[in-house]
Amino acid sequence: MADNFSADAGQIDDGMGQAMKAKIKEQQAYARAMSSRVNAAPKVDPDGVPDHAFEGFGTIEAQNQEKPLVPLMPERGILKESWLNVEIGDADKAEVRVVITARNIGIGAQFDKSGEVMRDRLPLEEVTDISQQGGAIVLQTNPEGYSSGRQYKIYTTESDWHALIEKNVAAEHKRVNSKLKLVRRVLRGYYNSRPYQWFLSTTIVVNFFLVVYESQIQPLPKTDPFCIADPTHARCGDVYENLQTFDILFTAFFALELAVNMYVHWFFAFIKNPWNDFDFIIVMISLVNAADIEGLEYLSGARAFRIFRLAGKFESLRRIVSALSSSILPMANAFLIGGIFLLILAVLGTEFFKKRDETNFGTMFRTVYSLWLMIAFGNWENDLPVLREDNTVDTGALIY
């Protein structure tokens, strides 16, 4: 009987173990499912400075990038991890998974046995004091920072935890408080401020209209034969030199603006923004054009494309650009279907009318060109009249 009871108890333990494993797997699946959902809460600048520089296509996307509703523990760059008792603020002490990376301490959720869900993240740069108290590492945070001055107590008997945290906190403080970082932070604040972005937008608009004006009047230098013959003409005089001076000034300003942008958002924050990549190309073309290299004069027209940067500043333009960019693929499919039908009709027209009108329907490409002229309401020398000379209708040509 005792043996039977022991066997039954073993079966019960196995059943409970399987139930626990199933519960853990269920929690893991739930965490992954929730992490696939996104919220649209805007992301703030790492230094707490509102970023108005890249609103919309480009940077607002970076600010509103997809993030999991349920934050997960870091998976890369882990220096040390363990299941420890942790006390956050006035909350009760709980055994959770603790992960330390070079810049953060991740604290797992209390009731998540999988250790994947993150309850809190402590940036090491905000730790203002580290001490030992009753077998716990006490971390005091900045009252004005991300953790709002909360106190973290990590209970552990391993001495290397304290040494590792202290080392990483010191390294983070050195990194954040370096003079280079402080200068970059101040410049980023000015660059991303709304007044500067409005000034930059106004400069882009003024430059665009100067490019349009130059394209309209087509100014000529005083040494041009036309101006020598008629120096009082509107295209001559000082207008050419003045526009060239303005062009050099605008090119220098936009080159400096690009350099500042690269410096304050270096590196990945800069290159991940499509508007930055676009502006980099335009500025490089403008610099090549300013060098006045023979044979590359046609590059000057690329300056007009700079006006598209305004789409990153105004929501209405941003919506239009986003709609146009998202419609490219459907429009390409429509053009593909239209092109297929055009080729089918070209093959049929070539077979039907090549002997009667070899000029317009002698080959498939001639037929395609003739059909394209018809679509564009153009005309060609027509040797294939719908109405014959005897006033009868050519039904085949009419249907085609």
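Quick look at the structure, then. Predicted model, so just to flag it, every value in this text is computed and none were measured.

Here is what the cut-offs are and how they apply
Residues numbered from 1 in each chain as written. Predicted model: local features only at pLDDT ≥ 70, side-chain atom pairs only at ≥ 80, totals over all residues. Heavy atoms only, no water. Helix = DSSP H or I, 4+ residues; strand = E, 2+ residues; numbered from the N terminus. Expected span 1.5 Å × (residues − 1). Buried < 20%, exposed > 50% of the residue type's maximum accessible area, 1.4 Å probe, protein only. Arc of directions from axis to C-beta. Pairing = 2+ DSSP bridges. Axes fitted to C-alpha atoms, helices over the stretch in contact; angles between N-to-C directions. Contact = heavy atoms within 4.5 Å. Core = buried A, V, L, I, M, F, W, Y, C linked by side-chain atoms within 4.5 Å. Polar contact = N/O pair within 3.5 Å; in protein donor to acceptor, adjacent residues only side chain to side chain. Patch = residues over 30% accessible without salt bridge, like charges linked within 9 Å, V, L, I, M, F, W, Y side chains within 5 Å. Areas by Shrake-Rupley, 256 points an atom, 1.4 Å probe, with all protein chains shown as cover. Salt bridge = Lys/Arg side-chain N within 4 Å of Asp/Glu carboxyl O.

1. Description of helix α3 (residues 159-176)
Taking 1.5 Å of rise per residue, the 18 residues of α3 would be expected to cover 26 Å, and the 26 Å separating its terminal C-alpha atoms lies within 8% of that figure. What α3 keeps buried is the set Trp 161, His 162, Leu 164, Ile 165, Asn 168, Val 169, Glu 172 and Val 176. Projected down its long axis, α3 carries its buried residues within an arc of 165°, all on one side. Looking at α3, the residues exposed on the side facing more than 90 degrees away from the buried face are Ser 159, Lys 167 and Lys 174.

2. Considering the sheet that holds strand β1 (residues 80-88)
Taking strand neighbours across the sheet as the criterion, the 7 strands line up as β4-β3-β2-β1-β7-β6-β5 in an open arrangement whose pairing is antiparallel. For this open sheet the edge positions go to β4 (118-123) and β5 (127-133), each flanked by a neighbour on one side alone. For this sheet, the mean inter-axis angle between neighbouring strands, taken without regard to orientation, is 30°. Pairing of strand β3 (residues 104-108) with β4 involves 5 bridges; the strand directions are antiparallel. Looking at β4, one finds that Ile 107 is bridged to Asp 120. Packing against the sheet, α3 makes contact with β1, β2 (94-100), β3, β5, β6 (136-141) and β7 (151-155), and its axis sits at approximately 165° to β5.

3. Structural notes on the nonpolar core
Counting 21 residues, the largest nonpolar core has Ile 105, Leu 139 and Ile 165 as its most contacted members. Sorting the residues of this core by element identifies β1, β2, β3, β5, β6, β7 and α3 as the ones contributing at least two each. Counting residues in hydrophobic clusters, the runner-up holds 8 residues, among them Leu 200, Ile 204, Phe 250 and Phe 254.

4. Focus: the side chain of Thr 251
In this fold, Thr 251 is placed in helix α7 (residues 239-264). Residue classification places Thr 251 among the buried positions, given a relative accessible area of 5%. Among the polar contacts made by the side chain of Thr 251, one reaches the main-chain carbonyl oxygen of Asp 247 at a distance of 2.7 Å.

5. Describing a nonpolar patch on the surface
On the surface, a nonpolar cluster with roughly 790 Å² of combined accessible area is contributed by Leu 336, Ile 337, Ile 340, Phe 341, Ile 344, Leu 345, Leu 348 and Phe 352. Judged by its relative accessible area of 48%, Ile 337 falls in the partly exposed class.

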